[in-house]
Amino acid sequence: MIALVVRRLLQSLVVMLVVTLIAFIMFRYAGDPVNQMVGVETTEAERQALRESLGLDQPTLVQFVRYVGRVASLNFGVSFQFRRPVMELLAERLPATLELALVAAMLSLVSGILLGVYCALNPRGRISAALQAVSLVGVSLPTFLIGILLIYVFSVALGWLPSFGRSGLVPVTKHWSTGLLTLQGWKSLLLPAVTLGLFQMTLIMRLVRSEMLEVLRADFIRFGVARGLPQRRIYFRHALKNTLVPVITVVGLQLGSIIAFSIITETVFQWPGMGLLFLQSVQNVDVPIMSTYLLLIAFMFVMINMVVDLLYNAVDPRLKGSSRV
Amino acid sequence: MADPVLSVRDLRVEFPTRRDLLVGLDGVSFDIHQGEVLGFVGESGAGKSITGAAIMQQIAAPGRIAGGEIRLNGQRIDKLSRTGMERIRGRHIGMVFQDPLTSLNPLMTIGDHLTETIGVHLGLGRRAARDRAVSLLEEVGIPEPAERLRSYPHEFSGGQRQRIVIALALCAEPELVIADEPTTALDVSVQAQIIALIRRLCDTHGTAFMLITHDMGMIAETADRVAVMYAGRVVEIGRVADIVAHPAHPYTQGLIAAIPSLETDAERLRQIPGAMPSLSAIPDGCVFHPRCELADDLCRTRRPVLAGEGDHRTACHRTAQAEYAP
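The rules behind the values
- Residues numbered from 1 in each chain as written.
- Chains lettered and ligands numbered in written order.
- Predicted model: local features only at pLDDT ≥ 70, side-chain atom pairs only at ≥ 80, totals over all residues.
- Heavy atoms only, no water.
- Helix = DSSP H or I, 4+ residues; strand = E, 2+ residues; numbered from the N terminus.
- Rg over C-alpha atoms; globule rule 2.2 N^0.38 Å.
- Buried < 20%, exposed > 50% of the residue type's maximum accessible area, 1.4 Å probe, protein only.
- Contact = heavy atoms within 4.5 Å.
- Buried area = accessible area lost by both parts, 1.4 Å probe.
- Salt bridge = Lys/Arg side-chain N within 4 Å of Asp/Glu carboxyl O.
- Polar contact = N/O pair within 3.5 Å; in protein donor to acceptor, adjacent residues only side chain to side chain.
- Nonpolar A, V, L, I, M, F, W, Y, C, P; charged D, E, K, R; others polar.
- Phe/Tyr/Trp six-rings, centres within 6.5 Å; stacked < 30°, edge-to-face > 60°.
- Core = buried A, V, L, I, M, F, W, Y, C linked by side-chain atoms within 4.5 Å.
- Domains from an automatic or database assignment.
- Expected span 1.5 Å × (residues − 1).
- Arc of directions from axis to C-beta.
- Pairing = 2+ DSSP bridges.

1. Digging into the overall build of chain B
Argument step 1. When you go through chain B residue by residue, the secondary structure sums to 11 helices and 11 strands.
Argument step 2. For a compact globule of 326 residues, the expected C-alpha radius of gyration is about 20 Å, and chain B comes in at 21 Å, within 12% of that figure.
Argument step 3. Here the C-alpha coordinates of chain B stretch approximately 65 × 50 × 45 Å along the principal axes.
Argument step 4. Scored against the burial criterion, the 326 residues of chain B give a buried share of 55%.
Argument step 5. Expressed as a percentage of contacts within chain B between residues at least 6 apart in sequence, the contacts between residues at least 24 apart total 64%.

Below, the structure written as structure tokens:
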């Protein structure tokens with residue numbers, strides 16, 4: 001197990017190094033950073049001095065090594081548009097995105113698994129057929145459209161929930177204000193979370209349904225029935241656990257994409273998270289923020305992948321080497 | 001003779017499909033007594049496995065029992081509800097499937113499999129259930145049973161897994177065990193061990209076995225009586241020695257003649273011409289008549305019933321049958 005963790009960590013390190021290289025190339029080729037930082041009246045000599053002070057006159061390799069060094073010490077530079085350290089800006093925005101993503105993920109995971117199991121256990125039922133049809137809509141409608149539809153129904157027509165923004169915040173630490181402790185916070189979180197999680201929910205539901213139908217046809221289920229095990233036990237102890245093994249992988253990756261692709265949802269709902277910040281920085285060619293966002297998302301994917309691999313090993317005994325044979 | 005453990009009368013199983021009605025079993029009747037191994041032979045699709053599944057009420061939808069009755073110790077079980085059957089399965093009738101590789105839950109230890117099943121049927125506490133699990137594994141011949149409880153199915157060989165499956169079927173000491181091709185997926189040398197194990201359990205516990213196979217040689221070694229099935233019907237039933245020595249039904253005669261033998265130096269193996277009829281187009285009269293050399297007009301029009309002296313009964317108009325059903 002420890003060997004596996006070490007191996008995975010080394011692999012992750014390589015991946016992160018490659019992503020750092022891409023972020024670095026972004027820095028080099030998305031325009032001249034000196035031009036972005038100085039005014040129109042700056043003389044060529046002053047520009048040269050700035051270039052030297054930033055180390056931009058050094059060979060590319062030296063610059064890359066320095067860049068890696070800065071990334072490793074969590075120094076991601078200063079945002080062009082806000083003139084503040086990128087680290088600070090992202091730290092401000094991180095809680096909003098993480099809360100949104102986690103609530104969306106939990107929502108989609110819990111309801112996706114429950115509905116998927118229901119459909120698998122009642123494959124010929126009317127409710128199952130309806131759920132299948134609705135889930136097709138959920139898979140095929142684009143996120144922004146779902147968001148706008150939800151705003152129209154629940155904010156404009158019914159007036160139950162706020163249509164944009166994050167509110168009802170309670171500070172927990174210096175950097176972290178949470179919206180999860182007040183009713184107002186939950187109200188403003190609900191629509192974006194449903195919008196962000198709907199696609200994942202339908203995906204998980206369809207996946208769980210088909211996996212479980214497959215497992216229910218397996219010989220060990222028939223043998224369980226033939227041993228006289230109660231139906232509940234067969235469904236929820238034998239079938240469900242075997243269903244969830246392949247689901248873990250997909251859910252892990254989906255969690256990553258929920259965080260990465262919250263950009264659209266955050267834009268639709270003007271949610272003050274990292275996605276919105278990223279979109280602003282794209283509009284303003286704010287390369288430090290863009291490349292840091294890239295690194296952060298890559299880091300999350302790498303970590304999630306590692307956790308998924310470890311979980312897989314913990315759940316499925318067939319993957320645990322052959323120590324006891 | 002004592003009352004049979006299992007008694008099946010005129011069992012009929014149908015599979016309605018969109019286009020036509022498949023008749024999986026038609027008029028199947030037999031008894032199994034305590035401590036007896038009743039073998040079922042026949043080619044694929046003859047209805048052997050359907051018979052086992054029907055007794056367990058494990059016929060896949062849309063298949064259903066359309067007629068007849070099944071009695072366990074004199075009590076009808078073919079009309080029981082799902083929960084009623086849960087009390088019969090495993091407790092009174094155990095089942096062993098063909099493929100031991102896929103019969104066990106890959107994510108559960110052998111110990112959990114056993115203690116779960118023991119717990120459900122016998123309501124023993126953890127310790128007692130564990131002790132029983134160890135003694136069951138010991139009985140079916142798994143070395144170091146106490147240590148192996150923590151092992152997962154993939155850590156055993158195919159033969160060992162089939163032993164574990166048999167141990168699982170025996171958890172609650174059922175009166176009857178249905179073994180559906182228990183050795184087909186195993187090596188020949190391992191087959192012999194599993195057969196010996198079944199025979200031994202049958203003799204020591206008085207468990208009745210219903211042994212489903214297409215291997216006539218295995219029947220000859222293991223079973224006390226044999227039922228020969230063809231196209232969903234029992235065409236001949238009787239003591240193994242009788243039937244092997246004096247097969248009465250032309251189909252049985254063909255089956256036995258087709259067994260390769262070391263004594264006769266034949267160029268080619270004997271075979272029965274033709275193929276078994278499709279279940280959607282069962283011929284009138286005797287099901288075997290299109291392939292039978294002896295068939296006459298009576299065979300083509302009227303269905304023969306199982307008849308004969310004593311134990312040995314045959315469903316054939318032409319051989320060894322003195323009287324016809326009206």
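2. Observations regarding the interface of chain A and chain B
How big an interface is tends to be expressed through the accessible area that disappears when the partners come together.
Argument step 1. Listed as interface residues are 23 residues of chain A and, on the opposing side, 30 residues of chain B.
Argument step 2. Roughly 2,600 Å² of surface becomes buried between chain A and chain B when both sides are summed, with 57% attributable to carbon and sulfur atoms.
Argument step 3. There are 2 salt bridges connecting chain A and chain B.
Argument step 4. Between the two partners, chain A and chain B, sit 12 residue pairs in polar contact (both at pLDDT 80 or more).
Argument step 5. Taken together, the elements giving at least two residues each to the side of chain A that touches chain B come down to α9 (219–226) and α10 (231–260) of chain A.
Argument step 6. Class assignment of the residues belonging to the side of chain A that touches chain B gives a composition of 10 nonpolar, 4 polar and 9 charged.

3. So, the side chain of B:Thr109
All names here are of chain B.
Argument step 1. Note that Thr-109 resides in the loop between β6 (93–96) and α3 (110–122).
Argument step 2. Classification of Thr-109 by relative accessible area gives buried; the value is 11%.
Argument step 3. In this structure the side chain of Thr-109 is engaged in a polar contact, spanning 3.1 Å, whose partner is the backbone nitrogen of Asp-112.
Argument step 4. Filtering out sequence-adjacent residues up to four positions away, Thr-109 remains in contact with Leu-149, Arg-150, Ser-151 and Tyr-152.

4. Observations regarding the packing of aromatic side chains
Argument step 1. One pass over the full model with this rule turns up 10 aromatic pairs over all chains.
Argument step 2. Arranged with centres 5.4 Å apart and planes meeting at 65°, the rings of B:Tyr251 and B:Phe288 form a pair that is edge-to-face. One end of the pair, B:Tyr251, is in helix α10 (residues 250–257); the other, B:Phe288, is in the loop between α10 and α11 (297–301), and 37 residues separate them in sequence.
Argument step 3. On the basis of relative accessibility, which here comes to 0%, the residue B:Tyr251 falls in the buried class.
Argument step 4. One aromatic cluster is present, formed by A:Phe24, A:Phe64 and A:Tyr67 through successive ring pairs.

5. Some words on the nonpolar core
Argument step 1. Membership of the largest hydrophobic core comes to 95 residues, with the highest contact counts inside it found for B:Phe30 and B:Leu114.
Argument step 2. Take this core: its biggest share by element is 7 residues, from helix α7 (residues 188–205) of chain B.
Argument step 3. Ignoring any residue separated from it by four or fewer positions in sequence, one finds B:Leu114 in contact with B:Ala133, B:Leu136, B:Leu137, B:Leu149, B:Ala167, B:Leu168 and B:Cys171.
Argument step 4. The next biggest cluster of nonpolar side chains, apart from the first, holds 40 residues, and it includes A:Leu89, A:Leu90, A:Ala101 and A:Trp271.

6. Quick word on the pattern of salt bridges
All names here are of chain B.
Argument step 1. Following the criterion strictly, the structure yields 24 salt bridges over all chains and no others.
Argument step 2. Here Glu-86 ties to Arg-82 by a salt bridge, and the two come within 3.5 Å at their closest N and O atoms. Here Glu-86 pairs with Arg-82, and both are found in helix α2 (residues 82–88), just 4 residues apart, close to one helical turn.
Argument step 3. Residue Asp-297 pairs with Arg-300 through a salt bridge whose shortest N-O separation is 3.5 Å. Residue Asp-297 and its partner Arg-300 are located together in helix α11, separated by 3 residues, close to a single helical turn.
Argument step 4. Asp-297 gets classed as exposed once you look at its relative accessible area, which sits at 57%.

7. Observations concerning the domain arrangement of chain A
Residue and element names in this part refer to chain A.
Argument step 1. Assigned domains within chain A: domain 1 (12–72) and domain 2 (94–319).
Argument step 2. For domain 1 and domain 2, the distance between their C-alpha centres works out to 37 Å.
Argument step 3. Listed by partner, the interface residues are 13 residues for domain 1 and 11 residues for domain 2.
Argument step 4. Summed over both partners, the interface of domain 1 with domain 2 comes to about 1,000 Å²; 85% of that surface belongs to carbon and sulfur atoms.
Argument step 5. For domain 1, the biggest contributors to the area lost against domain 2 are Met-16, Met-26 and Phe-27; these three give 43% of the whole.
Argument step 6. Viewed at the interface, domain 2 and domain 1 are joined by 0 salt bridges.
Argument step 7. Across the contact surface, domain 1 and domain 2 share 0 residue pairs in polar contact (both at pLDDT 80 or more).
Argument step 8. When residues of the side of domain 1 that touches domain 2 are traced back to their parent elements, those giving at least two are α1 (2–29) and α4 (60–72).
Argument step 9. Considering each element in turn, the side of domain 1 that touches domain 2 owes the most residues, 9 residues, to α1.

8. A closer look at the environment of A:Ala239
Argument step 1. Topologically, A:Ala239 is positioned in helix α10.
Argument step 2. In this structure, the C-alpha to C-alpha distance between A:Ala239 and A:Val117, residues 122 residues apart in sequence, is 9.8 Å.

9. Re helix α6 (residues 126–140) of chain A
All names here are of chain A.
Argument step 1. When the terminal C-alpha atoms of α6 are compared, their 22 Å separation across 15 residues agrees well with the 21 Å that a helix rising 1.5 Å per residue should span.
Argument step 2. Here α6 has its buried residues at Ser-128, Leu-131, Gln-132, Ser-135 and Gly-138. Along α6, the residues classed as buried sweep out an arc of 120° about the axis, all on the same side. Facing away from the buried side of α6, by more than 90 degrees, are the exposed residues Arg-126, Val-134 and Ser-140.
Argument step 3. In this structure, the buried residues of α6 make contact with α5 (86–121), α7 (143–157) and α8 (183–216).

10. Looking at the sheet that holds strand β2 (residues 21–32) of chain B
Argument step 1. Strand order in the open sheet formed by 4 strands is β2-β1-β4-β5 (chain B), and the pairing between neighbours is antiparallel. Strands at the two margins of the open sheet, each flanked by one partner only, are β2 and β5 (75–76) of chain B.

11. Brief notes about the sheet that holds strand β10 (residues 233–239) of chain B
Residues and elements named next belong to chain B.
Argument step 1. Reading across from one edge, β6-β7-β8-β3-β9-β10-β11 is the order of the 7 strands in this open sheet, with mixed pairing throughout. With one partner strand each, in any of the chains shown, β6 and β11 (313–314) form the two edges of the open sheet.
Argument step 2. Relative to β11, β10 is paired through 2 bridges, and the arrangement is antiparallel. Following the sheet pairing, Glu-236 is matched in β11 by Thr-314.

12. Things to note about the pairing of strand β9 (residues 225–230) of chain B
All names here are of chain B.
Argument step 1. Burial within β9 is extensive, with 6 of its 6 residues counted as buried.
Argument step 2. Residues Arg-225, Ala-227 and Met-229 of β9 are buried on one face, and the alternating residues Val-226, Val-228 and Tyr-230, pointing to the opposite face, are buried as well.
Argument step 3. Note that strand β3 (residues 37–41) and β9 share 4 bridges and pair parallel. Bridging from a neighbouring strand, Val-41 pairs with Val-228 of β9.

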